[in-house]
Structure formats: structure tokens, C-alpha cells
Amino acid sequence: MSDINWDELRQHANDAMKRAYAPYSNFPVGVAALVDDGRIVSGCNVENASYGVGLCAECGLVGALHMSGGGKLVAFTCVDGNGAVLMPCGRCRQLLYEHSAPGMILETVSGFRTIDQVLPDAFGPRELDAYALTDPATATTCEGCE
Ligand code: THU
């Protein structure tokens, strides 16, 4: 935590925010994260005339993470068009959770928080394993499962 350079991370988020394509909401967002090998990855929101298809900045960040070598996220920050710290939306907390290192820290509007604090009792890869059907032949299935 103490060895994380939050000013540098926020600077990357601000630089990313300036690349946003947000003509519909006029609400540019930039995000940046420190990867467990020391890399910094970032992203901006990219909207679409079909509004619901727009991509949050975190989508770009996760793409950048994988395209630049993968790894796990250890620290994350998100800024709005004024450079102020912004909370990641609910969907994006789920996106971040999937790629988080244990104890990942987020800079939030209420101070530094862990990923478990901003997404308590999360559903993730472990739950898929833990609650998987043991014997699909005998299990009760829903219509959509058949
Ligand atoms: N937005 C993000 O990029 N990330 C978030 O976590 C919150 C919301 C974007 C989506 C949309 O382009 C704009 O902010 C307004 O909702």
C-alpha cells in the first residue's frame, strides 16, 4: 500500500480520460491500475450511438491488461472529467474483481478500500467451481439449462 505511487497512477488515469470518446454523456472517464509485475494499464470510456453498447473505461483497462501480458491488478483509480476520484460502477467492480490480486486496493470517494469492501460477497470464478452441478444427469435443471 505504502509503496504504491497513487499520484502517478492518477496521472495515468487523467491522461486516459483525455482520450475518452463520450459525445453522448459528455462524461469522460479515465482509469488506471498497477499490475502485480509493476506495469501500469489504463483505459477510457468509449460510447456508441446505440447508447447501451457503450464501453466503460474499465473495459478498456481489462483489455489492455490482457493485451500487454496479463497478470493481476493490485491498485486501481478512476477519475471523472475534472480529474476527481470517481467510483467504478457496479458492473465494473465485477470486471475488476475477476482480475484482482488478493487485497487489491482502490482509491475511492471514501478513501482507500479493498476490492472485497467495494464488492462484498462477490460472485467469481471460485463460486463457479464451488457450486457447479456435480452430476448433470440427476440434477434439477432449469428450462434454460436443458
Ligand atoms: N463510466 C465509466 O467509464 N466507468 C464507470 O465506472 C462509471 C461510468 C462511463 C460510462 C459512460 O460512458 C459515462 O461514464 C456516463 O455514465
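Structure shown above.
Being a predicted model, the structure only gives us computed values, none of them experimental.

1. Comments concerning the overall build of the protein
Helices and strands together make up the secondary structure of the protein, namely five helices and five strands. For the protein, the N- to C-terminal ordering of α and β elements is α-β-β-α-β-α-β-β-α-α. Its C-alpha atoms give the protein principal-axis dimensions of about 55 × 40 × 30 Å. By the burial criterion, 36% of the 146 residues in the protein qualify as buried.

2. Notes on the side chain of Glu 58
One can find Glu 58 in helix H2 (residues 57-67). One buried charged residue, Glu 58, forms no salt bridge at all, with the nearest opposite charge on Arg 91 at 7.0 Å. In contact with Glu 58, not counting residues within four places along its chain, are Val 31, Phe 76, Cys 78, Pro 88, Cys 92, Leu 95 and Leu 96.

3. Quick look at the packing of H2 against helix H3 (residues 90-98)
Following both chains from N to C, one finds H2 and H3 inclined at 10 degrees, their axes separated by 9 Å at the closest point. Relative to H3, the element H2 lies roughly parallel. For the element pair H2 and H3, the recorded crossing hand is left-handed. The segment H2 lies against H3, with Glu 58, Cys 59, Leu 61 and Val 62 engaging Arg 91, Cys 92, Leu 95 and Leu 96. Residues of the contact of H2 with H3, tallied by class, amount to six nonpolar, no polar and two charged.

4. What to know about unusual backbone geometry
One non-glycine residue, Asn 26, adopts positive backbone phi at about 55 degrees. You can see Asn 26 is positioned in the loop between helix H1 (6-17) and strand S1 (30-35). Look at Asn 26 and you get exposed, because its relative accessible area is 67%. Notably, Asp 121 is not glycine yet its phi reads approximately 50 degrees, a positive angle.

5. Quick notes on the sheet that holds strand S4 (residues 100-108)
Overall, mixed pairing links the five strands, which are arranged S2-S1-S3-S4-S5 in an open sheet. At either margin of the open sheet sits one strand with a lone partner, and together these are strand S2 (40-44) and strand S5 (111-114). When the angles between neighbouring strand axes are averaged without regard to direction, this sheet yields 20 degrees. The pairing of S4 with S5 spans four bridges and is classified as antiparallel. Counted as the bridge partner of Thr 108 is Gly 111 from S5.

6. Remarks on the layout of surface pockets
The space that makes up the largest pocket amounts to roughly 200 Å³. Lining the largest pocket are Lys 72, Tyr 97, Glu 98, Ser 100, Ala 101, Pro 102, Gly 103, Ile 115, Asp 116, Pro 125 and Arg 126. Elements with a minimum of two residues in the lining of the largest pocket: H3, S4, helix H4 (115-118) and helix H5 (125-130). With four residues, S4 is the largest single contributor of residues to the lining of the largest pocket.

Calculation notes
- Residues numbered from 1 in each chain as written.
- Predicted model: local features only at pLDDT ≥ 70, side-chain atom pairs only at ≥ 80, totals over all residues.
- Heavy atoms only, no water.
- Helix = DSSP H or I, 4+ residues; strand = E, 2+ residues; numbered from the N terminus.
- Buried < 20%, exposed > 50% of the residue type's maximum accessible area, 1.4 Å probe, protein only.
- Lys, Arg positive; Asp, Glu negative; His and termini not counted.
- Salt bridge = Lys/Arg side-chain N within 4 Å of Asp/Glu carboxyl O.
- Contact = heavy atoms within 4.5 Å.
- Axes fitted to C-alpha atoms, helices over the stretch in contact; angles between N-to-C directions.
- Parallel < 35°, antiparallel > 145°, perpendicular 65-115°, else oblique.
- Left-handed = near helix turned anticlockwise from the far one by under 90°.
- Nonpolar A, V, L, I, M, F, W, Y, C, P; charged D, E, K, R; others polar.
- Pairing = 2+ DSSP bridges.
- 1 Å grid on protein atoms, 1.4 Å probe; cavity = no way out; pocket = protein on both sides within 12 Å on 5 of 7 lines; lining within 4 Å.
- Points joined across faces, edges and corners; volume = space filled by probe spheres on them.

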